[in-house]
Amino acid sequence: MSNSAPTPFRRDGDSGRFGGYCLWHHYRLQERTSSRTTFPKRAGVPVDIAVVPRGSYTLLPCSQARDETVERPTVHVPEILLEADYNAMSLRAGDIVGEAIRHNPSIVLALPTGTTPIGLYADLVRRYRDEGLSLSAVTTFNLDEYVGIAVDDPEGYHGFMRSHLFDLVDIPEGAWHLPNPQATDAGAEVRRYEGLIDASGGIDLAILGVGANGHLAFNEPGDTLTGPTHVAALADDTWLRNFPSLAPRLKDEPELRARYSTAYTVGIGTILRARKILVLASGMAKASILASAVRGAITPRNPASFLQLHPDVTFILDEAAGSWVHYTA
Ligand code: GLP
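Remember, predicted model here, so these are calculated numbers, not experimental data.

Participant: Could you give an account of unusual backbone geometry, with specific residues and numbers?
Facilitator: Residues other than glycine seldom take positive phi values, yet A217 does so here, at roughly 50°. Relative to the assigned elements, A217 resides in the loop between β9 (205–208) and β10 (225–226). The class of A217 is buried, set by a relative accessible area of 9%. One non-glycine residue with positive phi stands out, namely Y260, at about 55°. In this structure, Y260 sits in the loop between α6 (236–242) and β12 (262–265).

Participant: So, the sheet that holds strand β11 (residues 230–233): which residues are in play, and what are the values?
Facilitator: Taken in spatial order, the 3 strands of this open sheet run β7-β12-β11, and their pairing is antiparallel. Edge positions in the sheet fall to β7 (144–146) and β11, since each has one partner strand and no second. In this sheet, adjacent strand axes meet at a mean angle of 30° when their direction is disregarded. Where β11 and β12 come together, 4 bridges link them in antiparallel fashion. Across the sheet, residue A232 finds its bridge partner in β12, namely A263.

Participant: Explain the nonpolar core residue by residue, including any values.
Facilitator: Within the largest apolar cluster, 42 residues are counted, with the highest numbers of intra-cluster contacts made by Y146 and L165. For this core, the leading source of residues is helix α2 (residues 86–103), giving 5 residues. Excluding residues within four positions of it along the chain, L165 makes contact with L111, Y121, L124 and V125. The next biggest cluster of nonpolar side chains, apart from the first, holds 36 residues, and it includes F141, L208, V279 and L290.

Participant: Break down the pattern of salt bridges for me, with residues and values.
Facilitator: In total, this model carries 14 salt bridges according to the counting rule given. Note that D204 and R275 form a salt bridge whose closest N and O atoms lie 2.7 Å from each other. Residue D204 is found in the loop between α5 (186–199) and β9, and its partner R275 is found in the loop between α7 (268–272) and β13 (276–281); the two are separated by 71 residues along the sequence. The class of D204 is buried, set by a relative accessible area of 11%. For R275, a relative accessible area of 11% corresponds to the buried category. When salt bridges with common partners are traced through the structure, they connect D95, D123, R126, R127 and E131 into a single cluster.

Participant: How would you summarise the site of the ligand if you had to cite specific residues and measurements?
Facilitator: The environment of the ligand is made up of 13 residues, and the closest members are T115, T116, H215, N242 and K286. T116 is positioned such that a nitrogen or oxygen atom in its side chain is 2.5 Å from an oxygen atom of the ligand. Within the side chain of N242, a nitrogen or oxygen atom sits 2.8 Å from an oxygen atom of the ligand. The fraction of the free accessible surface of the ligand (390 Å²) that becomes covered by protein chains is 90%. Residue composition of the shell around the ligand, by class: 3 nonpolar, 8 polar and 2 charged.

Conventions used here
- Residues numbered from 1 in each chain as written.
- Predicted model: local features only at pLDDT ≥ 70, side-chain atom pairs only at ≥ 80, totals over all residues.
- Heavy atoms only, no water.
- Helix = DSSP H or I, 4+ residues; strand = E, 2+ residues; numbered from the N terminus.
- Buried < 20%, exposed > 50% of the residue type's maximum accessible area, 1.4 Å probe, protein only.
- Pairing = 2+ DSSP bridges.
- Axes fitted to C-alpha atoms, helices over the stretch in contact; angles between N-to-C directions.
- Core = buried A, V, L, I, M, F, W, Y, C linked by side-chain atoms within 4.5 Å.
- Contact = heavy atoms within 4.5 Å.
- Salt bridge = Lys/Arg side-chain N within 4 Å of Asp/Glu carboxyl O.
- Near = heavy atom within 4 Å.
- Polar contact = N/O pair within 3.5 Å; in protein donor to acceptor, adjacent residues only side chain to side chain.
- Areas by Shrake-Rupley, 256 points an atom, 1.4 Å probe, with all protein chains shown as cover.
- Nonpolar A, V, L, I, M, F, W, Y, C, P; charged D, E, K, R; others polar.

This is the structure we're talking about:
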């Protein structure tokens, strides 16, 4: 299958790092949508996203609208599925992912870790056991893994994926992939991983969680985002959320912060090259960042906002996580 997703973002030379498009697209949306749809420019005014057509919109900073040299990425309105709670979100995701596997048994998936996808994985295991769903021809690439840990580290993602999915279904050993935390040459490892993804034909369906700060995989907020797979430093708030048992000890043992402080992560470009993207999120803590991601400025300060550059994104949100998407960010 050819890779149809465009890569409409600016690259600085060959470094693959993306600067920000701090460009607001509300004006353009206002022009293109029907007269009954309004997009107030003030923050905090309710907007019914359900009436926004899921089309594509050309992103033009008003100040530069006449400048033909300005690059004009296309932004997209994602599909947003709101579910009552975490369980319903997980089952809906199971429907979509299960159907995608049945439709294309040799599908290439990108998989997340964290608390969010646990219910989805449980539902896939149930479908495998009770409904004959087979993952025997599926290929998977996890989004991230900590650098330097043992493969069986209890906080690591190899063990997480084995215990929640890989050891419970019929996916063959060798068909699932994570970055090698024990690689001696990190530069070679990121190239190997990106190369493996390319050699598989590219990601058909990337399933993502979102950090409360907007991170995707371990692409943390910053001045720039990195396109390909790379080694990233965890933001402080990500580290504190991911290691709640270590956090209280930090005061007396500050050296603990160095543990799990860097991770291999697919890049924002790797994610945007997936043919379809499914984002799962639950809980009030993510409501604000999700609203910004869906409707706000496309900026590396909120990596999830870059999803607006992809033409086929579906968010499945529980009621709490989705409670702000109807409001301008
Ligand atoms: C983690 C992972 C992300 C994950 C996110 C959300 O740090 N690197 O891939 O999506 O944070 O985690 P959770 O689902 O636990 O909220």
